[in-house]
Amino acid sequence: EISARVAETIAAFDSDQDAMLNLEEVCALFKQTGVGSKSKQELDSIGRDLMAYHDSDEDGHISHEELSESTFQFNVLHSRLLQNKGIDPSAEDSTELARSIESSILKTFGGCEEGDGDAGCLRAVKSLEDRVLLPLQKLAAWADQGEDEGEDVVEHEQNRHEL
């Protein structure tokens, strides 16, 4: 699904028909979709931010492969954010639930397949499973976190990576 959406996005905004997106084309995408203000300065800022995020080889163009990979990474992180947002830090099992979410993300997306997985990833999962963790409500990231605050982060990230 990601590959198909990436292909559609590139095809729709690739004005020079080179099968990649440049800064001008990324800015045009956001101008047309209405994300951000219509000012040239803000569109340029959003465009440069997106180029920095998606153009991994820094050649000034976002290829299908780059956009697919960065979109996949964003989706993994967004999923993790939503899963963690559902945890009540004051609940007795909150720490183990957070550990379970992190372990699942590592195993699923970090190259930690059983048997033939990446040794570094497998060590990270083992370390996470063995580590004594503080209760979530004692951690700064979970302290005084209002519901609206988490929603603002999700909304900002969705707008930023709407590609």
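Residues numbered from 1 in each chain as written. Predicted model: local features only at pLDDT ≥ 70, side-chain atom pairs only at ≥ 80, totals over all residues. Heavy atoms only, no water.

1. Notes on the overall build of the protein
Which entries qualify depends on this criterion: For helices the rule is a DSSP run of H or I covering at least 4 residues; for strands it is a run of E covering at least 2, with both sets numbered from the N terminus onward. Relative accessibility thresholds used throughout: buried, under 20% of the residue-type maximum; exposed, over 50%; partly exposed, between the two (1.4 Å probe, protein chains only). Here, two residues are considered to be in contact whenever any of their heavy atoms come within 4.5 Å of each other. Under the convention used here, a 1.4 Å probe and the Shrake-Rupley method define accessible areas, while residue burial counts only the protein chains that appear.
Along the protein, the regular secondary structure elements total 7 helices and 0 strands. In the protein, the succession of α and β elements from N to C terminus is α-α-α-α-α-α-α. Looking at the protein residue by residue over its 163 residues, the buried ones come to 31%. Sequence-distant contacts in the protein: of pairs separated by 6 or more residues, those separated by 24 or more amount to 53%. Accessible area of the protein: about 10300 Å², with a carbon and sulfur share of 50%.

2. Looking at the environment of Glu25
Within the secondary structure layout, Glu25 lies in helix α2 (residues 23-33). C-alpha separation for the pair Glu25 and Ala12, spaced 13 residues apart in sequence, amounts to 9.6 Å. Contact partners of Glu25, with chain neighbours within four places excluded, come to Phe13, Asp14, Ser15, Asp16 and Met20.

3. What to know about the environment of Glu1
Following the sequence through the fold, Glu1 ends up in the segment before α1 (2-13). Residues Glu1 and Ser68, 67 residues apart in the sequence, show an inter-C-alpha distance of 9.9 Å.

4. Points about the packing of α1 against helix α4 (residues 64-85)
Threshold: Between N-to-C directions, angles cover 0 to 180 degrees, with each direction set by a line fitted to C-alpha atoms, over the stretch in contact for helices. The scheme is simple: roughly parallel for angles under 35 degrees, roughly antiparallel for over 145, roughly perpendicular for 65 to 115, oblique for anything else. Crossings are classed by handedness, with left-handed meaning an anticlockwise turn of the near helix from the far one by less than a right angle and right-handed meaning a clockwise turn. Polarity classes work like this: nonpolar for Ala, Val, Leu, Ile, Met, Phe, Trp, Tyr, Cys and Pro, charged for Asp, Glu, Lys and Arg, and polar for all others, with Gly in that last group.
Where α1 contacts α4, the axes come no closer than 9 Å and their chain directions differ by 130°. One finds that α1 runs oblique with respect to α4. Here the hand of the crossing between α1 and α4 comes out right-handed. Of the residues in α4, those in contact with Ile2, Ser3, Val6, Ala7 and Ile10 of α1 are His64, Leu67, Ser68, Thr71, Phe72 and Asn75. Split into classes, the residues belonging to the contact of α1 with α4 amount to 6 nonpolar, 5 polar and no charged.

5. Topic: the nonpolar core
Stated formally: Residues belong to a common nonpolar core when they are buried Ala, Val, Leu, Ile, Met, Phe, Trp, Tyr or Cys residues joined through side-chain atoms within 4.5 Å.
Core analysis: the biggest nonpolar cluster contains 13 residues, and Ile10, Leu21, Val26, Phe30, Leu50, Ile62 and Leu67 have the highest contact counts within it. Counting only elements with at least two residues in this core, the list comes to α1, α2 and α3 (40-54). Per element, the largest residue contribution to this core is 4 residues, and it comes from α3. When residues no more than four places from it in sequence are discounted, the contact partners of Val26 are Leu21, Gly47, Leu50, Met51 and Ile62. Val76, Ile101, Leu136 and Trp142 belong to the second-largest nonpolar core, a separate cluster that totals 7 residues.

6. Examining the side chain of Thr95
Along the chain, Thr95 falls in helix α5 (residues 94-109). For Thr95, a relative accessible area of 11% translates into the label buried. Once residues lying within four places of it in the same chain are set aside, the contact partners of Thr95 are Leu133, Leu134, Pro135 and Leu136.

7. What about the environment of Arg131?
Put simply, the test is: Pairing of N or O atoms within 3.5 Å defines a polar contact, subject to two protein rules: one partner must be a possible hydrogen donor and the other a possible acceptor, and residues neighboring in sequence count only if both atoms are side-chain atoms.
Tracing the backbone shows Arg131 in the loop between α6 (119-130) and α7 (147-160). Along the primary structure Arg131 and Arg99 are separated by 32 residues, whereas in three dimensions their C-alpha atoms are 9.6 Å apart. Polar contacts involving the side chain of Arg131 include one to the side chain of Ser127, which spans 2.9 Å.

8. Digging into α2
Listed in full, the buried residues belonging to α2 are Glu25, Val26, Cys27, Leu29 and Phe30. By the N-cap criterion, in which a side-chain oxygen at the helix start approaches the backbone nitrogen of a residue two or three places on, α2 is capped by Asn22, the distance to Glu24 being 3.1 Å. Following α2 by one or two positions, Gly34 adopts a phi angle in the positive range, close to 80°.

9. Regarding the confidence of the model for the protein
Put simply, the rule reads: Each residue carries a pLDDT score, the predictor's own confidence in it, on a scale running from 0 to 100.
Summary statistics for the protein give a mean pLDDT of 83 and a share of 82% for residues scoring 70 or more. α1 holds the highest mean pLDDT among the elements of the protein, 94, whereas α7 holds the lowest, 47. Throughout residues 146-150 the model reports pLDDT below 50, and contacts reaching past four residues in sequence, or to other chains, amount to 4 contacts.

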